[in-house]
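Descriptive structure summary
Residue strings, one per chain:
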Amino acid sequence: MAEQKAEYISQLNMFQEILAEKPLSELSPDFENGNHQTDQDEPKPSPNGKRGNDLDGASWIKYSISIWSDIKKTAEEIALKHPAMFPAALPERLMQCFTTSQDQYILDPFAGIGSTILAAKKLGKIGIGIELSQEYAAKANARLNPQSLFSELEEITLTSVVHRDDSNNLLKYVQPESIDFGVTSPPYWDILNQKRSADYKEIRTYSGDKELDLGNIADYEKFIEALRPIFTNVFIALKPGKYFCVNVMDIRKKDRLYSYHEEIKNLMCSIGFKYDDLIIWDRRAEYNNMRPLGYPSVFRINRAHEFILIFLKPAHHC
Ligand SMILES: C[S@@+](CC[C@H](N)C(=O)[O-])C[C@H]1O[C@@H](n2cnc3c(N)ncnc32)[C@H](O)[C@@H]1O
């Protein structure tokens, strides 16, 4: 207890040193002019001195800024050609923020080519992914086990793995209340099947599985509802008091903007999650299709950011 208290005080001192060296206005341009945080935003330190992560003071401050602009795909990741992957650096940073070394089990129910699971493995954790596409699941497992000759990795249970399956079957692979943290990026509705007017990229689908691939559901309401049983599984699998992050982008189809991030927020809260916070993932550095969309008749937005929604499974149910 005394040790934990000393560590907490040493962290506080470190923050004060950082702030003394750098005025707050430099950490965030709006800090002095329009910061709407109040003291009530500050959670009280845990009475038992329990830490929320293992970050040092400088990283804690850096990562707490609500816009992340420094996370990009590596050349290796670009070469993998998944149509909607995120860089492993994104789940890695989220794990650094929301887990400690004690938190072992990480879940991604739409694992793609395994970015979350790879990041978990890199941090010494055990990642469990589910992915419908045979091709992507195989790619993910090859990334996880570059030396392995196995093509069927289903038998490997005590190590990071991506299971090829429909996420509706997630509870076949994980026990209720066994997961310490999760990150996922669900399909972007059926947007990959659409003609891409913003960037003229070729039309691609995820798994090609017409029935089970959520990316093939054309009706928006049905698509959102199809996510419900999967995120309910996630809720069941997560330990109480733990976090789960969802990365999405809003979607425009012709003259309608679909606020996908808001839809996810509403869905998750209706399942029982608490909406805890939001990070803007600024992707301007990777956005290479800047065009005068809609010119000259309608002003359209070049969407170069995504949302990372942060959810908490409450520690106690009411
Ligand atoms: C946005 S991608 C996720 C990419 C992943 N974050 C990565 O970095 O590789 C969504 C994934 O969900 C998968 N998917 C679609 N329907 C699914 C289902 N019912 N069960 C499991 N995976 C599904 C797709 O094949 C696709 O790879």
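The structure under discussion appears in the preceding block.
Notes on the structure follow. Computed from a predicted structure; not experimentally measured.

**Overview of the overall build of the chain**
Scanning the chain from N- to C-terminus turns up 10 helices and 10 strands. Look at the contacts in the chain between residues 6 or more apart in sequence, and 71% of them connect residues 24 or more apart.

**Here's the deal with the environment of Ile 217**
Of note, Ile 217 is situated in the loop between strand E5 (179–184) and helix H9 (220–237). In this structure, the C-alpha to C-alpha distance between Ile 217 and Trp 189, residues 28 residues apart in sequence, is 6.9 Å. Residues in contact with Ile 217, not counting those within four places in the same chain, are Asp 190, Lys 222, Phe 223 and Ala 226.

**Brief notes about the pairing of strand E2 (residues 105–108)**
Burial of E2 is two-sided: the residues Tyr 105 and Leu 107 facing one way and the residues Ile 106 and Asp 108 facing the other way are all buried. Direction of pairing for E2 relative to strand E3 (residues 126–131): parallel, over a ladder of four bridges. What sits directly across from Asp 108, in E3, is Gly 129. With two bridges connecting them, E2 and E5 associate as parallel partners. Bridge pairing in E5 links Ile 106 to Phe 181.

**Let's talk about the environment of Thr 74**
By secondary structure assignment, the location of Thr 74 is in the loop between strand E1 (67–68) and helix H5 (75–80). A sequence separation of 14 residues divides Thr 74 from Ala 88, and the C-alpha atoms of the two residues are 9.0 Å apart.

**Things to note about the environment of Cys 97**
The topology assignment puts Cys 97 in helix H6 (residues 89–98). When the C-alpha positions of Cys 97 and Ser 64 are compared, they lie 8.6 Å apart, and in sequence the two are 33 residues distant. Not counting residues up to four positions away in its chain, the partners in contact with Cys 97 are Asn 53, Leu 55 and Tyr 63.

**Some details on the nonpolar core**
Counting 55 residues, the largest nonpolar core has Ala 140, Cys 245 and Leu 309 as the members making the most contacts within it. When neighbours within four sequence positions are excluded, Cys 245 is seen to be in contact with Leu 94, Val 183, Ile 308, Leu 309 and Ile 310.

Reading the values: rules and limits
Residues numbered from 1 in each chain as written. Predicted model: local features only at pLDDT ≥ 70, side-chain atom pairs only at ≥ 80, totals over all residues. Helix = DSSP H or I, 4+ residues; strand = E, 2+ residues; numbered from the N terminus. Contact = placed C-beta atoms within 7 Å. Buried ≥ 20, exposed ≤ 12 C-beta atoms within 10 Å, placed from the backbone. Pairing = 2+ DSSP bridges. Core = buried A, V, L, I, M, F, W, Y, C linked by C-beta atoms within 7 Å.

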